[in-house]
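Here's the letter readout for the chains.
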Amino acid sequence: MTGTLDRVAAPDTPPTTLPERLVHLLARWRYAFLALTVLVTIGLGAVGLGVFGKLSGGGWTPAGSESARADALLREHFRSGSPDLVLLVAAPGSVDDPSAAAAGRRLTERLRADPRVRHLDSYWPLGDPALVSRDRGTALISLRLLGGEREAARTAEDIRRATATGAPPLTASAAGRAVAKRDLEKQSQHDLVRAELIAAPLVLLILVRVFGNLLSALLALSVGGVAVVGTLALLHALTEFTQVSVFAVNLTTALGFGLAIDYGLFIITRHREELAAGRDVREALLVSVRTAGRTVFFSALTVTLSMAALLVFPLYFLRSLAYAGMSVAALAGLTAVLVLPVCLLVAGRRVEGRRGRSPSAGGCQDRVGEGSGEGPNRVGDLGGPGPGNASGRGAGGVFHRTARAVMRRPVVTVVLVVPVLLCLASPFQRVEFGLSDDRALGASSPVHRATDVMREDFGLRSTALADIVLPGLTGPSSNALADYARRISLTAHVLRVETSTGSYRAGAQQAPPTPSSARFSAPGGSRLSIVTDAEPYSAQGGALVRALRAVPAPVPALVGGDAAALVDTRATVGERLWQAAAIIVLVIFTLLFLFTGSILVPVKAVLLNLLSLTATFGAIVHVFQDGNLRWLVGDFLVTGTTDTLLPVLMFCIAFGVSMDYEMFLLSRIMEEHRRTGDTTSAVAYGLERTGRLFTAAALVLAIAMAAMATSPLTPLKLLGVGLTLAVVLDATLVRMLLVPAIMKMAGRANWWCPKPLRRVHARFGFSEAEPVKAA
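Rules behind the numbers
Residues numbered from 1 in each chain as written. Predicted model: local features only at pLDDT ≥ 70, side-chain atom pairs only at ≥ 80, totals over all residues. Heavy atoms only, no water. Helix = DSSP H or I, 4+ residues; strand = E, 2+ residues; numbered from the N terminus. Areas by Shrake-Rupley, 256 points an atom, 1.4 Å probe, with all protein chains shown as cover. Axes fitted to C-alpha atoms, helices over the stretch in contact; angles between N-to-C directions. Parallel < 35°, antiparallel > 145°, perpendicular 65-115°, else oblique. Left-handed = near helix turned anticlockwise from the far one by under 90°. Contact = heavy atoms within 4.5 Å. Salt bridge = Lys/Arg side-chain N within 4 Å of Asp/Glu carboxyl O. Buried < 20%, exposed > 50% of the residue type's maximum accessible area, 1.4 Å probe, protein only. Pairing = 2+ DSSP bridges. Patch = residues over 30% accessible without salt bridge, like charges linked within 9 Å, V, L, I, M, F, W, Y side chains within 5 Å. Nonpolar A, V, L, I, M, F, W, Y, C, P; charged D, E, K, R; others polar. Core = buried A, V, L, I, M, F, W, Y, C linked by side-chain atoms within 4.5 Å. Phe/Tyr/Trp six-rings, centres within 6.5 Å; stacked < 30°, edge-to-face > 60°. Lys NZ or Arg CZ within 6 Å of the ring centre and 35° of its normal. Expected span 1.5 Å × (residues − 1). Bend = angle between axes of the 7 residues up to and from the residue. Polar contact = N/O pair within 3.5 Å; in protein donor to acceptor, adjacent residues only side chain to side chain. pLDDT = per-residue confidence, 0-100.

## A look at the overall build of the protein chain
Alright, step 1. Looking only at helices and strands, one finds 23 helices and twelve strands in the protein chain.
Alright, step 2. On the protein chain, roughly 29,900 Å² of surface is accessible, and the fraction owed to carbon and sulfur atoms is 63%.

## Some words on the packing of helix H7 (residues 177-211) against helix H8 (residues 214-238)
Alright, step 1. Look at H7 against H8: their axes get within 8 Å of each other, and the N-to-C directions meet at 130°. The angle between H7 and H8 falls in the class oblique. Helix-helix and strand crossings are classified by hand; for H7 and H8 the assignment is right-handed. Taken together, the residues of H8 that come into contact with H7 (itself represented by Val203, Leu204, Leu207, Val208 and Phe211) are Leu214, Ser216, Ala217, Leu218, Ala220 and Leu221.

## Looking at the pattern of salt bridges
Alright, step 1. Summed over all chains, the structure comprises 32 salt bridges.
Alright, step 2. Here aspartate 158 and arginine 116 are joined by a salt bridge, their closest N and O atoms 2.9 Å apart. Within this pair, whereas aspartate 158 is found in helix H6 (residues 149-162), its partner arginine 116 is found in the loop between helix H5 (98-112) and strand S2 (117-122), the two being separated by 42 residues in sequence.
Alright, step 3. Of the charged contacts, one joins arginine 160 and aspartate 183 as a salt bridge, the two residues approaching to 2.6 Å between their closest N and O atoms. Of this pair, arginine 160 sits in helix H6 while aspartate 183 sits in helix H7, and the two are 23 residues apart along the sequence.
Alright, step 4. Taking relative accessible area as the criterion, aspartate 183 reaches 12% and is therefore assigned buried.
Alright, step 5. What you see here is one network of salt bridges that share partners, running through Asp114, Arg116, Glu157, Asp158, Arg160, Arg161, Asp183 and Lys186.

## What about the sheet that holds S2?
Strand pairing in a sheet relies on backbone hydrogen bonds. The paired strands run either parallel or antiparallel.
Alright, step 1. Spatial strand order, S2-S3-S1-S4: four strands in an open sheet with antiparallel pairing. The sheet is open, and its two edges are formed by S2 and strand S4 (171-175), each paired on a single side. In this sheet, neighbouring strand axes are inclined to one another by 20° on average, regardless of whether the strands run parallel or antiparallel.
Alright, step 2. Bridging between S2 and strand S3 (residues 138-145) involves five bridges; their strand directions are antiparallel. What sits directly across from aspartate 121, in S3, is serine 142.
Alright, step 3. Sitting on the sheet, H6 is in contact with strand S1 (85-90), S2, S3 and S4, with an inclination near 145° to S3.

## Section: a nonpolar patch on the surface
Alright, step 1. On the surface, Leu36, Val40 and Leu44 cluster together into a nonpolar patch covering about 240 Å² of accessible area.
Alright, step 2. Position of valine 40 among the secondary structure elements: in helix H3 (residues 30-48).

## Observations concerning the packing of helix H18 (residues 600-625) against helix H22 (residues 714-746)
Alright, step 1. Put simply, H18 and H22 touch, their axes get as near as 8 Å, and they point 145° apart. As for how H18 packs across H22, the hand of that crossing is right-handed.
Alright, step 2. Looking at the contact of H18 with H22, its residues break down into 19 nonpolar, five polar and four charged.

## Regarding the pairing of strand S7 (residues 494-499)
Alright, step 1. Pairing of S7 with strand S10 (residues 525-532), which is carried by four bridges, proceeds in the antiparallel orientation. In the sheet register, arginine 496 faces S10, and the bridge partner there is valine 531.
Alright, step 2. Of the strand pairs in this sheet, S7 and strand S8 (residues 502-504) are connected by three bridges, and their pairing is antiparallel. Among the inter-strand pairings, valine 497 is bridged to a residue of S8, identified as tyrosine 504.
Alright, step 3. The hairpin formed by S7 and S8 contains two residues between the paired strands.

## Examining the nonpolar core
Alright, step 1. Counting 195 residues, the largest nonpolar core has Leu143 and Leu207 as the members making the most contacts within it.
Alright, step 2. Here the element with the most residues in this core is helix H20 (residues 646-676); it accounts for 18 residues.
Alright, step 3. Discounting chain neighbours no more than four positions away, the residues touching leucine 207 are Gly212, Ala217, Ala220, Leu221, Ile261, Leu265 and Val700.
Alright, step 4. Among the nonpolar cores identified, the runner-up in size contains 23 residues, and Tyr484, Ile530, Leu544 and Val545 belong to it.

## A short note on the packing of aromatic side chains
Alright, step 1. Applying the stated criterion to the full structure yields eight aromatic pairs.
Alright, step 2. Here the aromatic rings of tyrosine 123 and tryptophan 124 are separated by 5.7 Å at their centres, their planes lie at 80°, and the arrangement is edge-to-face. In terms of burial, tyrosine 123 and tryptophan 124 fall into one category: buried.
Alright, step 3. Cation over ring: arginine 630 sits above phenylalanine 636, and NZ or CZ is 5.9 Å from the ring centre.

## Digging into unusual backbone geometry
Alright, step 1. A cis geometry characterises the amide bond from tryptophan 124 onward to proline 125, with omega recorded as 5°.
Alright, step 2. Structurally, the position occupied by proline 125 is in the loop between S2 and S3.
Alright, step 3. One non-glycine residue, leucine 629, lies in positive phi territory at about 60°.
Alright, step 4. With respect to the secondary-structure elements, leucine 629 resides in the loop between H18 and helix H19 (630-633).

## Thoughts on the environment of glutamate 185
Alright, step 1. Here glutamate 185 shows up in helix H7.
Alright, step 2. Glutamate 185 sits in the buried class, given a relative accessible area of 10%.
Alright, step 3. Taking C-alpha positions, glutamate 185 is 9.7 Å from lysine 54, a pair spaced 131 residues apart along the chain.
Alright, step 4. For glutamate 185, the contacting residues outside a window of four places in its chain are Phe52, Gly53, Leu55 and Val246.

## A few points about H6
Alright, step 1. Spanning 14 residues, H6 covers 20 Å between terminal C-alpha atoms, matching the ideal 20 Å at 1.5 Å per step.
Alright, step 2. Listing the buried residues of H6 in full gives Ala152, Ala153, Thr155, Ala156, Glu157, Ile159 and Arg160.

## Comments concerning helix H21 (residues 679-708)
Along an α-helix, residues three or four positions apart point the same way, because every turn accommodates 3.6 residues.
Alright, step 1. At threonine 690, H21 shows its maximal bend, which comes to roughly 45°.
Alright, step 2. Between the side-chain oxygen at the start of H21 and the backbone nitrogen of threonine 680 there is a gap of 3.5 Å, and the oxygen is on aspartate 678.

## Observations concerning the confidence of the model for the protein chain
Alright, step 1. Confidence in the prediction for the protein chain averages 81 pLDDT; 87% of positions are at 70 or higher.
Alright, step 2. Mean pLDDT across the secondary structure elements of the protein chain bottoms out at helix H1 (residues 5-9), with 40, and peaks at helix H13 (residues 410-425), with 94.
Alright, step 3. Here residues 361-396 is a poorly scored stretch, pLDDT under 50, and it has 92 contacts once near neighbours within four places are set aside; other chains count.
Alright, step 4. Across residues 769-775, where pLDDT falls below 50, the model places 21 contacts with residues more than four positions away in sequence or in other chains.

## What to know about the environment of arginine 486
Alright, step 1. Relative to the helices and strands, arginine 486 is located in helix H15 (residues 478-489).
Alright, step 2. For the pair arginine 486 and arginine 505, spaced 19 residues apart in sequence, the C-alpha to C-alpha distance is 7.6 Å.

What follows is the structure, given as structure tokens:
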């Protein structure tokens, strides 16, 4: 009978176009291709599992910056800089009690004998006052470890585990960047499993509700599974050549399932519409590949190129997320246009829902001819039947009624909605950028609690805010070094400057060198340690770094430390941000122009995306920087700053995802506009046919992102909440209200294009092909 696989395998006419050849090839080899896909996916899954042991928790600062070079010289020549591991060793009474001091010396010697320890500073036996708490109940052992970031993290974990009980009567807790990164990796993996356990059942229920068919829901999920598994394998391969952030895996799963389900929804929905229009399986699939498949392909290309904009930043945190986002978007698109059609061929008519229910129908009862360009049932003009349209077709659909209401009074809609978005965006004016530290782990983290003890009980004596390295300035230049240190000591917020020539304070006499001053001189140069009263991630800290770099030095000086790292990161992001934004805008404008042949439609899409994203950023500042609505998004530590890199990441992801919904909507609007020539009826039809679709897709993606927001890690929570809000705003206020209103106001100007560009579009443009007629 019509629609069986026999009909699929035996086409009436030889294939001529690329979609026809593709469908013919897939139909002929469907079982072999499906078996090969399963085998390859299993193999990639086995490879991808190995990525979890090779991820890194850093990459937040540019590798070639001044602060990074200063830190490298401090570690290499001075055995100084930020320690990898700090042990806080507590005694029942005083750390100077004989039993505690003896135990502390034994612990120090045991750690010093570890071949993986590069350098160690301990309160025992020298009694350095900078390494003991104010109440003398806790002492510090500071370690710098051999190996790269991953090796140092593993060593730190081993030492933390071995010293968990300390050396009686002492007890030890751990702080430092190595254990912080180790905990970040473990918590990220735990959050990944929890997010999937939360999101997967909800997503499946939504898909079953949308399709009314379990098989269709499982096919849409399978697209996401293949894309995620393939991306994890690729990330594992990348770890052999570059560092990959632990957050890349979380982004892969959330974005991969969200995008893949978007694409699966779009293709399966179109396929079911064509089946309901009376086509057999192969004809329905051919129309779906020609129309929805082509839209999916270029939507995936848009997201991939948007994520590629992150590659302009020389920070492996952003670059590894770019690799993850590009890979999962590309694989989701390829899986949707290659693997999913094979599954639909094998499934036949079993993907049809109850009574031919179409996910995009939006409540319409008459389905004959939908999506095929045939039959009388088309969305009429808002004022009555349009050319060739039946009055009232689709009038019962909520999205059709919404479009009709919006386009009756488009100016009122714009006047009401735009101020709402601007109000949401207003807190972004007071954004203060910072970087993630131990507080990103959450209040319950042992590393954060130990670091808090250091802040409260050791104060500014435990670590210096900044270090200055003077390469090539050695002993014979001690007078120049002393003069430079005196000038540095006069800088605002500097409390003390320590060098190999002594200690300097503003308005005080020079103190003689201490026994530990040998650490400030090396064959490769000299070092100054700066103690200040300014917080590293604050406006004062940034001003101090700039002031230190402005002081004339006897040789080119390198200023390092946390505040300097923030200054360098902000400068790098600021320099490259416009390049990334220009790439994204150019990609979006070019692809939408080639897709639509219009100038106004791409400009409208870019401006609306910027408006909704700015509203999202403002809400993020209100919640995470100012500490509001914690009861709603979950508890987190308020630092008074917003991470410098996360808005950049959100910008690239959200811009790409929003183009998915834009292309889905435009594809159906253009299809109807080509048929009728009427913009109003085309917009109403497009929203009617895709409204339920992109709303369901946005809900699925929002669930995936909201599940990520359940993490106690502040960066993941911020990213999850921000992307959830961005998706919701885009699918509701932008796509359902502003897009119909603005297109109604523009009228025929929507499709205007100057003659030279019309020739360009005629030669290079692409659009969905006209559907073939139903058998």
